[in-house]
Structure formats: structure tokens, C-alpha cells
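# Remarks on the overall topology
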Amino acid sequence: MKSITYSSPFPSDFVFGVAAASAQIEGGAFADGKGESIWDRFARSPGAIHGGDTLDVACDHYHRFDEDFGLMASLGVKHYRLSIAWPRIYPSGDGDVNPAGLDFYHRLFASMSKHGIKPWVTLFHWDLPQALEDQGGWTARSTVDAFARYADTVVKAFSGEVKDWITLNEIRCFTLLAYAYGLKAPGRKESAAVVNQTYHHALLAHGHGVRAVRMFGGEGARVGLTDNVDVSVPVTETPADIAAAKAWFADKNLHILGAIHGKGYAQAYLDRVGADAPLVEAGDFELISLPTDFLGLNIYTATYVRAGRQGEAYEAVQLPANYPRADSSWLNLVPQAIYWAPRMCHELYGYPSIYITENGCGYNEEPVVNGEVVDLHRRDYLRNHLREVHRAIADGVPIDGYFLWSFIDNFEWEDGYQRRFGIVHCDFQTQVRTPKLSAYYYADVMRLRTVL
Ligand code: GBH
């Protein structure tokens, strides 16, 4: 009989972790001198957030982080991706630094260290100081300068506690969805030219983040971008459909990873945007294309692509209405996404090290019954995705870690508290935490380093 190793262990240095973001879990929205963020403001505009929810209290992690890290440690979590709230550090965007903000994160990192948890820190996960938005937000180049100052301050302050840095989370979400579609804070609907300029400013901010880590990160510091690439999955894993999916992927990601990798905007992108092309200053792409140590990918879903039946390079397939998905309307269940996105990034752009910085699923009804939350749907989601991560590694794709989104149910942006992504249930009235079945499942995966 032939023996196969379907579930051989992950590499011994593979990183398993969990992720969250400042605005979504901290609460303490106005504590200790924190400035207003664009999300604090947006949450107060009628109809912007499901149920009129605000970020004021969230999971009250601001006051409960030590307990939360205790719970993480009890589940065997050794790596946690978090973000720093810019308005805690610079309440008015630039101006004076707020020492109480720095002190909060010093206390938080000390608690993590006590519990044996390593921080992976995102500099910007969407909570822009409102004062900067009042001066144009990401449409204004001055926001890039303010970000550079903020990045310098934070990397200098925490270089002793943090070695792994992520510059920005998901450029598309805080530019396109925020300044074109009006879905995310600040909820604006600007022209294509303005939106393309926000992409360019975000790329510049990323470059400043890399520069700050190189200058002030100290020995062993590493840095990368977290991107939510548009993901394609070949309908059938034949050479023709794979080539089509890859062509689609290169096209859809031309303005972010394509630009970083190409050290400039590709002619195909410039042709596409025409007169709406962003203004680029001399030296911009030297900064934008500074070498990074890894690429972070947030992977949730994908588009199915196949070879064009009329000879086109590719054809995206419309999903049937009854295709399975999570409760988020965009979250179609396509586990192969987490195989193909890293593989294409590796093949197209040559990234030598890739981390899945988010992967997870959101549901509305997850009641605690007899002290338990039986989220078998999430356990299946995780299992299916982890199998695809495992397959990618077996095929030589350099995935070095996986962070599950999210540790705990939290403020799910425009969907408010209704949409739960946590492996730990949060009762937002009482702040009681209850690990779900998926938390115990993931604890075993991390412990045995095997997809179970
Ligand atoms: C991540 O984004 C975020 O980083 C994280 O903060 C968030 O909590 C988590 O996902 C779960 O949503 O409205 O139809 O235009 C995930 C990627 C891409 C998901 C854009 C929502 C909006 C689709 N996001 N998408 S639509």
C-alpha cells in the first residue's frame, strides 16, 4: 500500500496567529487624550453604520487587554497582529505627540510579552485622525507627510518591543471604498482622478513606513505591506484557465502591487486611467518601491476566472445566486483563493516571503447556548482554507505564516456589531468573552501544527 501524507505538519517555523485592529476592538475612543478618528465621526452620521453602532466601547480592549492576552495565551496563541491608533499618538494628526497614547501601547506590549505573545504591528488600519481629514485626508499630499512623522515616532518609540511591522492595511479599502463609494469613512464620493490620487498617496505612505522601519526599527526589524489583492481562482486547474486567472490577477492589481513592483505605473494602467492619472513627483517611486521583507495578504474570497471563450485573455464567471457564502454579501466561499493569491504574487512579483495577515468569515447569529458557541461553519471555513495554505506550501509557495481574522467579535466597520468574525464571542452588553468551538479547533491546529 502506498502511504500519503495529506496532513503532514506545517514547517516548524511557520507562524500561526490571530489578528485585530485598534479601532475595531479598543474602545476608549476618547480616553487619555485620544483625538477623534474619521471612524468616530463617520459612525455619527445617520445611516452610515448598521444599527447606528459606534466605536466608543467596542470590546473595551483598552481596559481589558491584559485579560484578553491571558485568554489568547490559554488558547496557545503566540503571535498577534494588532494596529496602533494614529489619533492616540497624534490627536490632531500632526502637532504634538500625546505621551499617554505611547504609554498605552508600552503597557500593552509589556502585557503581551508577559503572556509570551509576539506583536506584529500595523501602522495604519484605517483610523485616520479627523483633523487630517479636515485638511483633505488621503486626497491631500500633506497627509503623507503627517504619516511619515507618525511612522517615525511610532517605530522609534517601540523599536525595543516590536520587530515585525506592517505599513498599511488594505489600500483599496481606505481609498476606493472610502473616497469613491462612500461606504467607509470618511464616506466621500469623489471623481476617478481624486481617487487615483488617494491610491498614490497611500503608496507613498507605505514607502515612508518602510523607510521609517529601516531608519529606526533597530536590529532584526522587518517590514511589509498588507494588501487585499483582487483574487482570481481558475475555474479548472488546467494550464489555460490558470493562465487566464493569472492575466486577470495581473490586470486587477496593476495599480498597487503592479506599481510597487514595476517601480512606476505601467503603461497599461496609464492607458486605462487616461486624464485621471495621479500626479507623481520626482523620487516618488524610489520611496514606493523600497525593498520590503515580506508581503502580507488578507484573503477572504475570490472571483472565478477561465480562458475567454471568444479568445479573450480571460473571462470572469458570474456566480449563481445560490452560490454559498458567509453572511457578508461579498464573502463567497472560495477556499482556493488562499492558494492562488500567494502563488500569483510569488510568480508575478517575486515575493520571497508571504504572510496571510487575515483570513476568516463573518456571521450574524452565533448565540451562546449552554455556555457554548457551536460555530461549525467557521471551523469548516478555517479547515478548508488551512488545507489550501498547506497545499500551497507543498507546491513551493513561500507562505511563512497565517493570522486568523479575528481573535474576538468586534466592530465590523459599516456592518457594526451585528457581523461577528471572532473565534471568541463577545457579549457587547456585558463584555463577557466565550471562546467558540472554532477557537478550540484552531488551538489544536496551532498546537499540533497540522490541519485537523
Ligand atoms: C478586512 O477587509 C479588514 O482588514 C478588517 O478590518 C475587517 O474586519 C475584515 O476584513 C472583515 O471584513 O462593500 O461590496 O464593495 C476585508 C476585505 C474588501 C471586505 C472590501 C469588504 C467590501 C466589498 N474587504 N469588501 S463591497
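Residues numbered from 1 in each chain as written. Predicted model: local features only at pLDDT ≥ 70, side-chain atom pairs only at ≥ 80, totals over all residues. Heavy atoms only, no water.

### So, the packing of aromatic side chains
For clarity, the cut-off: We call Phe, Tyr and Trp rings a pair once their centres come within 6.5 Å, taking the six-membered ring for Trp, and we label the pair stacked below 30 degrees between planes, edge-to-face above 60, and tilted otherwise. Numbered from the N terminus, helices here are DSSP runs of H or I no shorter than four residues, and strands are runs of E no shorter than two. The buried label applies to any residue whose accessible area, calculated with a 1.4 Å probe on protein chains only, is under 20% of its type's maximum; exposed applies above 50%, and partly exposed to all values in between.
Enumeration according to the criterion identifies 37 aromatic pairs in this entry. Here the aromatic rings of Phe-294 and Tyr-355 are separated by 5.3 Å at their centres, their planes lie at 75 degrees, and the arrangement is edge-to-face. Of this pair, Phe-294 sits in strand 7 (residues 294-298) while Tyr-355 sits in strand 10 (residues 354-358), and the two are 61 residues apart along the sequence. Tyr-355 matches Phe-294 in its accessibility class, with the two residues each being buried. Taking the centre distance of 4.9 Å and the plane angle of 75 degrees together, the rings of Tyr-339 and Trp-340 count as edge-to-face. Summarising the burial analysis for this pair, Tyr-339 and Trp-340 share the class buried. Ring-pair connections join several aromatic residues into one group, and the members of that group are Tyr-62, Phe-65, Phe-69, Tyr-80, Phe-104, Tyr-105, Phe-109 and Phe-158.

### Remarks on the site of the ligand
Selection criterion: Each residue is tested against the molecule or strand, and it is near if at least one of its non-hydrogen atoms lies within 4 Å. By the criterion applied in these results, polar contacts are pairs of N or O atoms within 3.5 Å in which, for protein atoms, one can donate a hydrogen and the other can accept it, and in which residues neighboring in sequence qualify only through two side-chain atoms. Residue exposure ignores everything except the shown protein chains as possible cover, and the areas themselves are Shrake-Rupley values with a 1.4 Å probe. Space inside and on the surface of the protein is sampled on a 1 Å grid over the protein atoms alone, with a cavity defined as a set of points where a 1.4 Å probe fits but cannot get out and a pocket as an open set with protein on both sides within 12 Å along at least 5 of 7 lines; lining residues have an atom within 4 Å of a point. Each molecule is checked against the cavity or pocket grid, and it sits inside if more than half of its atoms lie within 2 Å of the grid points. The nonpolar class holds Ala, Val, Leu, Ile, Met, Phe, Trp, Tyr, Cys and Pro. Asp, Glu, Lys and Arg form the charged class, and all remaining residues, Gly among them, are polar.
Around the ligand there are 17 residues in total, and Gln-24, His-125, Glu-170, Glu-412 and Trp-413 lie nearest to it. Within the side chain of Glu-170, one N or O atom sits 2.8 Å away from an oxygen atom of the ligand. Measuring from an oxygen atom of the ligand, one finds a side-chain N or O atom of Glu-412 at 2.5 Å. Relative to its unbound accessible area of 580 Å², the ligand is 81% covered by the protein chains. Its atoms largely coinciding with the cavity grid, the ligand occupies the largest pocket. Split by residue class, the shell around the ligand holds nine nonpolar, five polar and three charged.

### Observations concerning the nonpolar core
Applicable threshold: To define a nonpolar core, start from buried Ala, Val, Leu, Ile, Met, Phe, Trp, Tyr and Cys residues and group those joined through side-chain atoms within 4.5 Å.
Membership of the largest hydrophobic core comes to 154 residues, with the highest contact counts inside it found for Trp-39, Tyr-80, Trp-86, Phe-109, Trp-165, Cys-345 and Tyr-402. Sorting elements by how many residues they give to this core places helix 10 (residues 192-216) first, with nine residues.

### Overview of the layout of surface pockets
Which entries qualify depends on this criterion: Grid points are joined across faces, edges and corners, and a volume is the space filled by probe spheres set on the points.
One number sums up the size of the largest pocket: a volume of about 980 Å³. As for the largest pocket, its lining consists of 38 residues, of which Cys-173, Asn-228, Asp-230, Thr-301 and Trp-330 are closest to the centre. Looking at the lining of the largest pocket, the elements with two or more residues in it are helix 8 (171-174), helix 9 (176-180), helix 11 (239-252) and strand 8 (303-306). Looking at side-chain class alone, the lining of the largest pocket contains 20 nonpolar, nine polar and nine charged residues.

### Concerning the confidence of the model for the protein
Rules: For every residue, the predictor states its confidence as a pLDDT score lying anywhere from 0 to 100.
Scored by pLDDT, the protein has a mean of 97; 99% of the residues are at 70 or more. Both scores are given for the predicted complex: the pTM is 0.98, the ipTM 0.95.

### Side note on the environment of Asp-400
Our working rule: What makes two residues a contact is simply this: any of their non-hydrogen atoms within 4.5 Å.
Structurally, the position occupied by Asp-400 is in strand 11 (residues 399-405). According to the relative accessible area criterion, Asp-400 is partly exposed, its value standing at 30%. Counting along the chain gives 248 residues from Asp-400 to Asp-152, while the straight-line C-alpha distance between them is 27 Å. Ignoring anything within four residues of it in the chain, the contact list for Asp-400 reads Asp-13, Phe-14, Val-15, Pro-352, Ser-353, Ile-354 and Tyr-355. One polar contact links Asp-400 to Ser-353, side chain to side chain, over a distance of 2.6 Å.

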